[in-house]
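Coordinates in review
For reference, the chains in residue letters:
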Amino acid sequence: MKRWHFDFSHPFQPKNYAFPKKKFGMQNRSFQPTWFEQFPWLHYNEQKDSVLCFICAKQNDKGNLRTETKKEYSFITEGFSNWKKALARFKEHESSDCHKTSFDYEVKFPKTCGDVFEMASEQNRKTMQGNRRCLIKIIENLQYFCRQGQAIQGDTDLESNFFQLVKLRSKDDSLLLDWIQKKNNKYLSHDIQNEIVGIMAHQVLRDIVKDVGFNFFSLIADEYTDISNQEQLTLCLRWVDDHLEAHEDFLGFYNIPNIQSNTIVSVIKDALVRLQLSLSYCRGQCYDGASNMLGNRSGVAKHIQECQPKAHPTHCHGHSLSLGVKDATKNCKILSDTMSNTNEVVKLVKFSPKRENLLGEVKSNLEEEDATAAGLTKFSATRWTVRATCFQRVLNNYNALLTLWNECLQSDPKPDPDVRGRIIGCQAQMKSFDFFFGLNLGQRIFSHTDNLSESLQKSSMSAASGQHNAKLTMNALKQIRSDDCFKAFYETVLLKKEPHPDISEPEIPRRRRAPARLEVGSGQPFFPETSDDVYRRIYFEALDLIISAISERFNQPSFVAYKNLESLLINFLNGKDISSEMEFLRINYAEDIGHDYLLPQLEIFKLLMKAKKIDCFADILDAVKSLASNEKNMISEIIIICKLLHVNPATSATGERSFSMARRVKTWLRAKMSQQRFNHVAILNAHKARTDKVRLVDIANEFVSRNENRKRNFGTFTEADLFQTEKIQ
């Protein structure tokens, strides 16, 4: 039998799902969700729009129905979809011998029957008890290595970390020592390790899927090339629980032959089917800005929306902010030059151990304030929102760097011409007032964007809250765009310049008329009269560019839906008209929100929020979380709106973090790790808390149940096997 899903842990029974209709005679009929309550053994397949008997399919897969002569294959392998005769056929199957036999195997036998081999003799009982104890220790070792992301294997099997840990633990356990000295049936091979690790990883995934349940979720996906030059797609899920707490869970890595949108979409759909997660509950997507992910015509987001129109895509706010900062920097000459020169200064120091050590010696000979300054930090190759700290470090080490360049030019009798030219260039730039002003201006502006970037990366941050934070940042930047703020800033820069006499004085550029072909209109050209006028224009230009860039990048089409949901709640609390928002909900979220109950619940919601100050969705979320459970029951539709607003992530940071974890798991020394082991270890390493809570008894029993020989060697595991003393009773 071909399985439809990756496991048989529980039947798939979607409640809030639009079941497709089929024509039977003159009527259109569909599967009814109330049948799940009447027949809890039903297992729905949304791809074929049919059902199986979960119990019969499971026992048939295990081979327990081989002797049955009257199998109902429509409920075991093929799938039943004749909804006209559904109730009659369900009742008929429930009373069939095949179903009763499956029920006995599933429920009755495990409770009433002991292990035959264990009951045969006392010696067998003791042997199996000792075997179970040793296998539990083997599973514990694998659990530890996967949780920590450490290498399991080594150059040889005997030198592997796994075997050496088993050997170390055997010093306190004579049974385990005898176990590893056996010639066979030691259960230490690579295949056994992979199987046990896979069982634990699947258990973690089952726990995640169980927690998600029938809640709304959003997709987070990204791709990268691993150390063995394989394209890996990371898939994460964001969902909101009944307490309105957001969770972002890593689901695994998938090796893909290419990064075309069709390939990625098929992998995502296949993964969701295997995890028994329906796209009908998907309410959001978050990807980077690559054309294969967010392309308007054939991107991944477009394909997913064709299947589920309410899965609104979001361009990762972190990427959007980074691109906005990049645009603003490139269009502002003084910031662009400062960025390039600062990058050159950092490279000269950080990529040369000799110069970095010399910088440390120079700082130790300076005044105490300069000597305690932190060292330089490297620029990120891809992220533009980590610049403020780098600029501040250069300012803190300004005297030390100027001294360093002099030392480098004097101490090396035969310097490399290229390096010498770069040092002279950096020295000249650091002595110019434009560079010093650009450092201070960049630090002032980028400190705001860095702060915004850090807040957006939190897993609790939703797309709606991310938009609010972006507006706060823009308002803060607009607030410092005034003559008074510039005057205070410019005076501070001049005060900081005083301890550095080598820096030139601010100058007024030479008056130059633009070429006649570039002249527009008949007005007189503007020429600054003082240095204040020169740098005031630069100050205002930089602020205007960064504010405009953030506004443009964060103005995403998908935010219209979230804006309507948020406006509905806030406008009603403020006594404003909500007719347009209500119509939007009626058209787009009729299946999610009960329109008939919404208005009375909004009135109750207004009473509950009467004593609270509400300005944005974040305030609403905090207020609703603080309500008692009976009060939440009175505003169930408002809770659904909050979930819809909170479920779409602000960034794909969880996917990016999975890449960092992957680089720790799959290194140069472990580049030949199989895809299956890599994925399973990554899941266990990413979910440390869930890995700690894995029930080892369940893992051991599932491992043993897959093979008759294992059943004869181990029998059935119980909780008592976790606490055995060395002497087997």
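So, here's what we can say about the structure.

**Quick notes on the pairing of strand β9 (residues 312-315)**
The alternating pattern of β9 places His 312 and Thr 314 and Pro 313 and His 315 on opposite faces, both of which are buried. The pairing of strand β8 (residues 282-287) with β9 spans four bridges and is classified as parallel. Of the residues in β9, the one forming a bridge with Tyr 287 is His 315.

**Observations regarding the pattern of salt bridges**
Evaluation of the coordinates by the stated rule reveals 37 salt bridges. For Glu 106, the salt bridge identified is with Lys 58, shortest N-O distance 3.3 Å. Here Glu 106, found in helix α4 (residues 97-112), pairs with Lys 58, found in helix α2 (residues 54-62); they are 48 residues apart in sequence, far enough to count as distant. According to the relative accessible area criterion, Glu 106 is partly exposed, its value standing at 24%. One salt bridge in this structure joins Asp 211 and Arg 690, with 2.9 Å as the shortest N-O distance. Here Asp 211 is found in helix α9 (residues 190-212), whereas its partner Arg 690 is found in helix α32 (residues 688-692), with 479 residues between them in sequence. You can call Asp 211 partly exposed: its relative accessible area is 37%. The network of salt bridges with shared partners includes Glu 195, Arg 206, Glu 702, Arg 706 and Arg 710.

**Quick word on the pairing of strand β5 (residues 217-225)**
With respect to burial, β5 is a largely interior element, eight of its nine residues being buried. As paired strands, β5 and strand β6 (residues 231-240) are joined by nine bridges and run antiparallel to one another. The residue of β6 that forms the bridge with Ser 218 is Arg 238. Both β5 and β8 contribute to a ladder of four bridges, which runs parallel. Within the sheet, the bridge partner assigned to Phe 217 lies in β8 and is Cys 282.

**So, the nonpolar core**
Core analysis: the biggest nonpolar cluster contains 119 residues, and Leu 219 and Ile 268 have the highest contact counts within it. Top contributing element to this core by residue count: α9, with eleven residues. The residues contacting Leu 219, other than those within four sequence positions of it, are Leu 235, Cys 236, Leu 237, Ile 268, Leu 272, Leu 279, Cys 282, Gly 284, Gln 285, Cys 286, Tyr 287 and Ile 304. With 64 residues, the next largest nonpolar core counts Val 325, Cys 332, Tyr 490 and Val 534 among its residues.

What counts, and where the lines are drawn
Residues numbered from 1 in each chain as written. Predicted model: local features only at pLDDT ≥ 70, side-chain atom pairs only at ≥ 80, totals over all residues. Heavy atoms only, no water. Buried < 20%, exposed > 50% of the residue type's maximum accessible area, 1.4 Å probe, protein only. Helix = DSSP H or I, 4+ residues; strand = E, 2+ residues; numbered from the N terminus. Pairing = 2+ DSSP bridges. Salt bridge = Lys/Arg side-chain N within 4 Å of Asp/Glu carboxyl O. Core = buried A, V, L, I, M, F, W, Y, C linked by side-chain atoms within 4.5 Å. Contact = heavy atoms within 4.5 Å.

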